[in-house]
Amino acid sequence: QVQLVESGGGLVQTGGSLRLSCAVSGSIFRIYTMRWYRQVTGKERELVAYIDSGGDTTNYADSVKGRFTISRDNAKNTVYLQMNSLKPEDTAVYYCNGDIEIVVGRRSWNNWGQGTQVTVSS
C-alpha cells in the first residue's frame, strides 16, 4: 500500500549538481525518519543521509558532508537530496528508505524505493 518513488537521477560531470526526490504515496498515517542510501553494483548499501520527522535533525556520511543536503516537505510527503560538487565516487544507485506508520500502531522501517541512478563522469 505504501510506495516510495525516487526521481532526479542522471548523468552529470564532475562538479555538477543533482536534486533527488522521494515521493511517498499510499494509505499512510504518519512518516517518521527518512533516509537516503546508495549502492554500487556488487557492494553493500551505504547510508548517505537521514532526516527526522520534523526536518530539524539531519546527519550525513563523512564522504558527503558539506556537499549534500537532505530536506523534506511533509505537506507533499516528499524527501529531497540536493547533491552539489559531485564526484565520480558518488556514482551509485540512490535509494529512499522510510520509517512509516501505515496505520496507528503498525510501523515499519522496511520501506524502499526502486532507486534512481546517479552517474558522475570524470
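Note that the structure is a prediction, hence the values are computed from the model and not measured. (Residues numbered from 1 in each chain as written. Predicted model: local features only at pLDDT ≥ 70, side-chain atom pairs only at ≥ 80, totals over all residues. Heavy atoms only, no water.)

Trainee: For this particular structure, what's the right way to read the overall build of the protein chain?
Mentor: Per the secondary structure count, the protein chain includes 0 helices and 11 strands. Across the protein chain, helices and strands are ordered from the amino to the carboxyl terminus as β-β-β-β-β-β-β-β-β-β-β. Here the C-alpha radius of gyration of the protein chain, 14 Å, is about what a compact globule of 122 residues would show, namely 14 Å. Projecting the C-alpha coordinates of the protein chain onto the three principal axes gives extents of approximately 50 × 30 × 20 Å. Expressed as a percentage of the 122 residues in the protein chain, the buried residues total 41%. Sequence-distant contacts, at least 24 apart, represent 55% of the contacts inside the protein chain between residues at least 6 apart. Carbon together with sulfur atoms contributes 45% to the accessible area of the protein chain, which is approximately 6600 Å² in total. (Helix = DSSP H or I, 4+ residues; strand = E, 2+ residues; numbered from the N terminus. Rg over C-alpha atoms; globule rule 2.2 N^0.38 Å. Buried < 20%, exposed > 50% of the residue type's maximum accessible area, 1.4 Å probe, protein only. Contact = heavy atoms within 4.5 Å. Areas by Shrake-Rupley, 256 points an atom, 1.4 Å probe, with all protein chains shown as cover.)

Trainee: For this particular structure, what's the right way to read the pattern of salt bridges?
Mentor: Opposite charge on two side chains lets them pair, provided their charged atoms get close. All told, the structure shown has 5 salt bridges when counted by the stated rule. Residue Arg67 is joined to Asp90 by a salt bridge in which the shortest nitrogen-to-oxygen separation is 2.7 Å. On the criterion of sequence distance, the pair formed by Arg67 in the loop between strand S6 (58-60) and strand S7 (68-73) and Asp90 in the loop between strand S8 (78-83) and strand S9 (92-103) is long-range, its members being 23 residues apart. Per residue, the accessibility class of Arg67 equals that of Asp90, and both read buried. Among the ionic pairs, Arg107 bridges to Asp99, the shortest N-O distance being 2.7 Å. Salt bridges sharing common partners tie together Arg38, Glu46, Arg67 and Asp90. (Salt bridge = Lys/Arg side-chain N within 4 Å of Asp/Glu carboxyl O.)

Trainee: Help me understand the side chain of Glu6 in this model?
Mentor: In this structure, Glu6 sits in strand S1 (residues 3-7). Buried and unpaired, Glu6 has Arg45 as its nearest opposite-charge partner, separated by 7.2 Å. A distance of 3.5 Å separates the side chain of Glu6 from the backbone nitrogen of Gly113, its partner in a polar contact. Only 2.8 Å separates the side chain of Glu6 from the backbone nitrogen of Gly115, close enough to count as a polar contact. Apart from residues lying up to four places away in sequence, Glu6 is in contact with Ser21, Cys22, Trp36, Tyr94, Tyr95, Cys96, Gly113, Gln114, Gly115 and Thr116. (Lys, Arg positive; Asp, Glu negative; His and termini not counted. Polar contact = N/O pair within 3.5 Å; in protein donor to acceptor, adjacent residues only side chain to side chain.)

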